[in-house]
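Fold and contact review
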Amino acid sequence: MRKMFYFLAFLTLIFTGCADKTPQLQSPSSNIIFESDKLGKWFALQNVVSLKRDDNFMEIEVTGKNNSDDKEVLTYNIDWYDQNGFIIKTILTKRKIASVESGKSIIIHAVSPSANAVNYKIRFGVPTEDDELRDQNVNLREYRGE
């Protein structure tokens, strides 16, 4: 009987002491949109976390990993939505290009442009020639300090 008590106490300790206390991940399907099937061959979503801060701004963080043997390039765009489902437009709402080295992770961290944001969507894609031309814009490069 004593062995059974210790065994049950041990199991209780393992299952409650090692419980994961991190925030629950949101379903990637509701807020993450993959615009290209090519991404599925090398890009794996690892973590999606969002929260409503005390100042009513939303904060999100998305982590993904390049599972291929080569450096890969992707584009992403974050759309913020108000309570009526309309996109909150700002000058920061632009598609961004990011390269991810082989076996490395990318972390996308963003804060909503307005306290009125209640939801978001992140659209991932692959760059087109138009995206690459936009990224090489002299004025944009000067603004970035390059």
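Residues numbered from 1 in each chain as written. Predicted model: local features only at pLDDT ≥ 70, side-chain atom pairs only at ≥ 80, totals over all residues. Heavy atoms only, no water.

Comments concerning the nonpolar core
Under the convention used in this document: Buried residues of nine kinds, namely Ala, Val, Leu, Ile, Met, Phe, Trp, Tyr and Cys, make up a nonpolar core once their side-chain atoms join them within 4.5 Å. To sort residues, take the accessible area from a 1.4 Å probe on protein chains only and compare it with the maximum for the residue type: under 20% means buried, over 50% means exposed, and anything in between is partly exposed. Put simply, DSSP H or I for four residues or longer makes a helix, DSSP E for two residues or longer makes a strand, and each gets a number counted from the N terminus. The contact criterion used is simple: two residues touch if any of their non-hydrogen atoms lie within 4.5 Å.
Counting 22 residues, the largest nonpolar core has Leu74, Tyr76, Ile78, Trp80, Ile122 and Phe124 as the members making the most contacts within it. Mapped onto this core, the elements with two or more residues apiece are strand E2 (43-52), strand E3 (58-66), strand E4 (72-81), strand E5 (96-100), strand E6 (105-111) and strand E7 (119-125). Here this core takes four residues from E4, the largest share from any one element. Leaving out residues up to four positions away in the same chain, Trp80 has contacts with Met58, Ile60, Phe86, Ile87, Ile88, Ala110, Val111, Ser112, Pro113, Ala117, Asn119 and Tyr120.

Some words on the pairing of E4
Short version of the rule: Strand pairing follows a simple DSSP-based rule, namely that at least 2 bridges must link the two strands.
Of all ten residues making up E4, eight are buried, and the element is well covered by its neighbours. In terms of strand pairing, E4 meets E5 through five bridges, oriented antiparallel. Among the inter-strand pairings, Thr75 is bridged to a residue of E5, identified as Ile97.

Digging into unusual backbone geometry
Its identity as a non-glycine residue notwithstanding, Asn56 has a phi of 75 degrees, on the positive side. With respect to the secondary-structure elements, Asn56 resides in the loop between E2 and E3.

Considering the sheet that holds strand E1 (residues 32-34)
The criterion, for reference: Angles run from 0 to 180 degrees between N-to-C directions of axes, and those axes are lines fitted to C-alpha atoms, restricted for helices to the stretch in contact.
Spatially, E1-E7-E4-E5 is the arrangement adopted by the four strands of the open sheet, whose pairing is mixed. Pairing within the sheet leaves two strands with one partner each, and these edge strands are E1 and E5. Here the average twist between neighbouring strands, direction ignored, is 30 degrees. Note that E4 and E7 share seven bridges and pair antiparallel. Bridge pairing links Tyr81 to Asn119 in E7.

Section: the pattern of salt bridges
Rules: The term salt bridge refers to a side-chain nitrogen of Lys or Arg lying within 4 Å of a carboxyl oxygen of Asp or Glu.
Taken as a whole, this structure holds five salt bridges when the rule is applied. Among the salt bridges present, the one from Glu59 reaches Arg53, with a minimum N-O distance of 3.7 Å. The class of Arg53 is partly exposed, set by a relative accessible area of 28%. Overlapping salt bridges, with partners in common, bring together Glu35, Asp79, Arg95 and Arg123 in one network.

Observations concerning the confidence of the model for the chain
The criterion, for reference: Each residue carries a pLDDT score, the predictor's own confidence in it, on a scale running from 0 to 100.
Mean pLDDT over the chain works out to 79, with 68% of the residues at or above the 70 mark. Confidence over residues 18-27 falls short of pLDDT 50; this stretch has ten contacts with residues more than four positions distant or in other chains.

Focus: the side chain of Asp82
Stated precisely, the cut-off is as follows: Polar contact is the term for a pair of N or O atoms within 3.5 Å; when the atoms are in protein, one must be able to donate a hydrogen and the other to accept it, and sequence-neighboring residues count only if both atoms are side-chain atoms.
Here Asp82 lies in the loop between E4 and E5. Separated by 3.0 Å, the side chain of Asp82 and the backbone nitrogen of Asn84 make a polar contact. Residue contacts for Asp82: discarding those within four places in its chain leaves Ile88, Asn116 and Val118.

Quick notes on the environment of Thr128
With respect to the helices and strands, Thr128 occurs in the loop between E7 and helix H3 (129-135). Sequence-wise, Thr128 and Thr75 are 53 residues apart; in three dimensions their C-alpha atoms are separated by 9.2 Å.

Focus on the packing of aromatic side chains
The line we're drawing: Centre distance within 6.5 Å is the pairing criterion for rings of Phe, Tyr and Trp, where only the six-membered ring of Trp is used; planes under 30 degrees apart are then read as stacked, over 60 as edge-to-face, and the remainder as tilted.
A full pass over the atoms with the stated rule returns six aromatic pairs. Summarising the aromatic geometry, the rings of Phe34 and Phe124 are spaced 5.7 Å apart at their centres and angled 20 degrees between planes, so their arrangement reads as stacked. Placement of the pair is Phe34 in strand E1 and Phe124 in strand E7, with a sequence separation of 90 residues. Classification of Phe34 by relative accessible area gives partly exposed; the value is 38%. With a centroid separation of 6.5 Å and 45 degrees between ring planes, the pair formed by Tyr76 and Phe124 is classed as tilted. Of this pair, Tyr76 sits in strand E4 while Phe124 sits in strand E7, and the two are 48 residues apart along the sequence. Summarising the burial analysis for this pair, Tyr76 and Phe124 share the class buried. By the ring-pair criterion, three or more aromatic residues cluster together here, those being Phe34, Trp42, Phe43, Tyr76 and Phe124.

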